[in-house]
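Examining the three-dimensional arrangement
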Amino acid sequence: MDELISLSNATLDQLSVARPHYDRSALTPGIVHIGVGNFHRAHQAWYLHRLMQANQAHDWAIIGAGVRPYDAAMREKLLKQDCLTTLIELDPTNVSAEVVGSMIDYLPIEEGNAPLIRQMADPAIHIVSMTVTESGYYIDPVTKGFDGGHADLVHDAANTKAPRTAFGAIVAALRLRRDAGQLPFTCQSCDNLQGNGDILRQTVVSLARMSDPDLADWIDANATFPNSMVDCIAPATGPGELALAAGFGIKDTAVVTHESFRQWVIEDAFCAGRPDWAAVGATFSDDVHAFETMKIRILNAGHQIVANVGEVLGIETISDCMAHPAILAFFGKVQRTEIAPTVAPVPNKTPAEYIDLIEARFSNPKIVDTTRRVAFDGSARHPGFVLPILRDQLTAGRSVEGLALVEALWARMCAGTREDGSAIKANDPLWDQLNTVALAAKERPMAWLEQTSIYGDLLEASAFSEAFSNSLAAIWSDGCEAALLNYAENERGRAVG
């Protein structure tokens, strides 16, 4: 094989794949993005890159940022290649690559976040966006309220000039802008949270109120926090992904693979302007909620349907889970009988059509999305994605048998062993607690539902608690596959009405 070309501005013309044809040296920043993971580079950065390719938005380039020590590793990788990323699209019938150049710098990771605060305070920055995971917003999983007692936030309220969190840094930057007589920037969440903009507003304004009520009022009145729905499967990068880049002759230590599907639905609420993302396929809508409900309930909850049982059965990828007949039958029935009734149609898409789309996307064998990645952080994802559906089904008097089985499979996974006896490594910020309770629930299933920080009062809903208890007992006595098949073949789970 010919020697690989190390990705950089200097080598772009040597590449045989699509690449920026705009002058990257002339780009100026307009966006700071906090949390530069694979999803951001395959999604938001790609939309902006497409605009730049059309000779637009050259004053909207992205400056990357992070607030945790582990972000330094990604910073180092990207700076060595001039913040370029190779995106490899894994369509079931074709593999293609392009190099994206919409990010131009990555701020130093420092305790106290001074570089980040300084950059966000620059009036040239019009948007501060973020992907910090569903669990990163300091919200109570049951009440969805602001968790102001968290040690990180208590620290930030007492150390306003040297905060620990992204939100503390945002508050500090907005304080500097207010004090200088400048306008605020738009705060844009790109995480999989229903009402993600509203939640981001809650976190930022509430944190500001802990130290400076007048600043909190100014932010609330002048800054904007648009809700959005984001969607594109972008698996973690490992040796296989690096090898795919090498197959195109490129040495890229931060390559990103992704599926051919992308969707971005955004509320048009930007206090300091925005790029024309609609020109490259994004949708601006006054009803983001309907789109995000469909996506979160069918795709994100759907991931939890298959990933937890996949871990217990030792199935490594989501596409392999979908190739397992019992898991596929389980997925299809829960979706069509217990999730679809809680989802309204959106323009050009019914819930049934969207389920078919997600089933096909999850089944794409070229997307090596691990069950472990998808099952991570269940203590945030189940309350965020699954339990709201369950509550709606209970309120409507419809079946929750399949959703109870989803929760029982999560409890089984958290017991920490697979059915073949191998260990499941810690995979949740609350793993020690979950593991202890899951082992207790093997003998007394209700112990799992007594975790009120996750389930609230759902223990008292007998239709759910009884179905959960029966499912968990069946899983431990007969195995996961038998429990799945029993549910899939049982007519009682059929949708009502």
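Since we're looking at a predicted model, the values are computed, not measured.

Here is what the cut-offs are and how they apply
Residues numbered from 1 in each chain as written. Predicted model: local features only at pLDDT ≥ 70, side-chain atom pairs only at ≥ 80, totals over all residues. Heavy atoms only, no water. Helix = DSSP H or I, 4+ residues; strand = E, 2+ residues; numbered from the N terminus. Contact = heavy atoms within 4.5 Å. Salt bridge = Lys/Arg side-chain N within 4 Å of Asp/Glu carboxyl O. Buried < 20%, exposed > 50% of the residue type's maximum accessible area, 1.4 Å probe, protein only. Pairing = 2+ DSSP bridges. Axes fitted to C-alpha atoms, helices over the stretch in contact; angles between N-to-C directions. Polar contact = N/O pair within 3.5 Å; in protein donor to acceptor, adjacent residues only side chain to side chain. pLDDT = per-residue confidence, 0-100. Core = buried A, V, L, I, M, F, W, Y, C linked by side-chain atoms within 4.5 Å. Phe/Tyr/Trp six-rings, centres within 6.5 Å; stacked < 30°, edge-to-face > 60°.

Examined against the element boundaries, Phe330 turns out to sit in helix α12 (residues 325–339). In this view, Phe330 contacts Ile305, Gly402, Leu405, Val406, Leu409, Leu484, Tyr487 and Ala488; residues no more than four positions away in its chain are not counted.

Let's shift gears to the pattern of salt bridges. Taken as a whole, this structure holds 20 salt bridges when the rule is applied. For Glu76, the salt bridge is made with Lys80, and the minimal N-O distance between the two is 3.4 Å. In this pair, Glu76 and Lys80 both sit in helix α3 (residues 71–80), four residues apart, roughly one turn of the helix. For Glu76, a relative accessible area of 47% corresponds to the partly exposed category.

This part is about the sheet that holds strand β11 (residues 256–258). Taken in spatial order, the three strands make up an open sheet running β5-β4-β11, and their pairing is mixed. The two strands at the open ends of the sheet, each matched to only one other strand, are β5 (94–100) and β11. Averaged over all adjacent pairs, the angle separating strand axes in this sheet is 25°, with direction ignored. Of the pairings in the sheet, the one linking strand β4 (residues 85–91) to β11 comprises three bridges and is parallel in character. When the sheet's bridge partners are listed, Glu89 is paired in β11 with His258. Contacting β4 and β5, helix α2 (residues 44–53) runs over the sheet at an angle of about 75° to β5.

Within β4, five of the seven residues are buried, which leaves the element mostly enclosed by the surrounding structure. Sheet topology note: the β4/β5 ladder contains seven bridges and is antiparallel. Paired with Leu87 across the two strands is Glu98, which belongs to β5. Linkage of β4 to β5, two consecutive antiparallel strands, is achieved through a turn of two residues.

Position of Thr342 among the secondary structure elements: in the loop between α12 and α13 (351–362). Side-chain polar atoms of Thr342 contact the side chain of Arg297, separated by 3.0 Å. Setting aside residues up to four positions removed in sequence, Thr342 forms contacts with Thr293, Arg297, Ile389, Asp392, Gln393 and Arg398.

The next subject is the confidence of the model for the protein chain. Overall, the predicted model of the protein chain reaches an average pLDDT of 95, with 98% of residues at or above 70. Counting interchain partners and residues more than four positions distant, the pLDDT-below-50 stretch residues 492–497 has 13 contacts.

The subject of this paragraph is the sheet that holds strand β12 (residues 263–266). Strand pairing in a sheet relies on backbone hydrogen bonds. The paired strands run either parallel or antiparallel. Read from one edge of the open sheet, three strands run β9-β12-β13, paired in mixed fashion. Whereas interior strands pair on both sides, the edge strands pair on one side only; in this sheet they are β9 (228–231) and β13 (283–284). The sheet contact formed by β12 and β13 spans two bridges and is parallel. Bridge pairing in β13 places Ile266 opposite Phe284.

Another aspect to go through is the nonpolar core. Formed by 87 residues in total, the largest nonpolar core has its most connected members in Phe330, Ile339, Trp448, Tyr455, Phe464 and Phe468. In terms of residues, this core owes the most to one element, helix α10 (residues 288–312), which gives 13 residues. Apart from the residues lying within four places of it in its own chain, the contact partners of Phe464 are Leu390, Leu394, Val400, Ala404, Glu407, Leu449, Tyr455 and Leu458. Counting residues in hydrophobic clusters, the runner-up holds 39 residues, among them Leu107, Ile139, Leu200 and Phe225.

Moving on to the packing of aromatic side chains. Taken as a whole and judged by the stated rule, the model has eleven aromatic pairs. Ring centres of Trp264 and Trp277 lie 4.7 Å apart, and the angle between their planes is 45°; this geometry places the pair in the tilted category. Residue Trp264 is located in strand β12, and its partner Trp277 is located in the loop between β12 and β13; the two are separated by 13 residues in the primary sequence. Assigned by exposure class, Trp264 and Trp277 land together as buried. The interplanar angle of 85° and the centroid separation of 5.8 Å between the aromatic rings of Phe330 and Tyr487 together place this pair among those described as edge-to-face. With Phe330 in helix α12 and Tyr487 in helix α21 (residues 480–488), this pair connects stretches of sequence that are 157 residues apart. There is no split in this pair, since Phe330 and Tyr487 are both buried.

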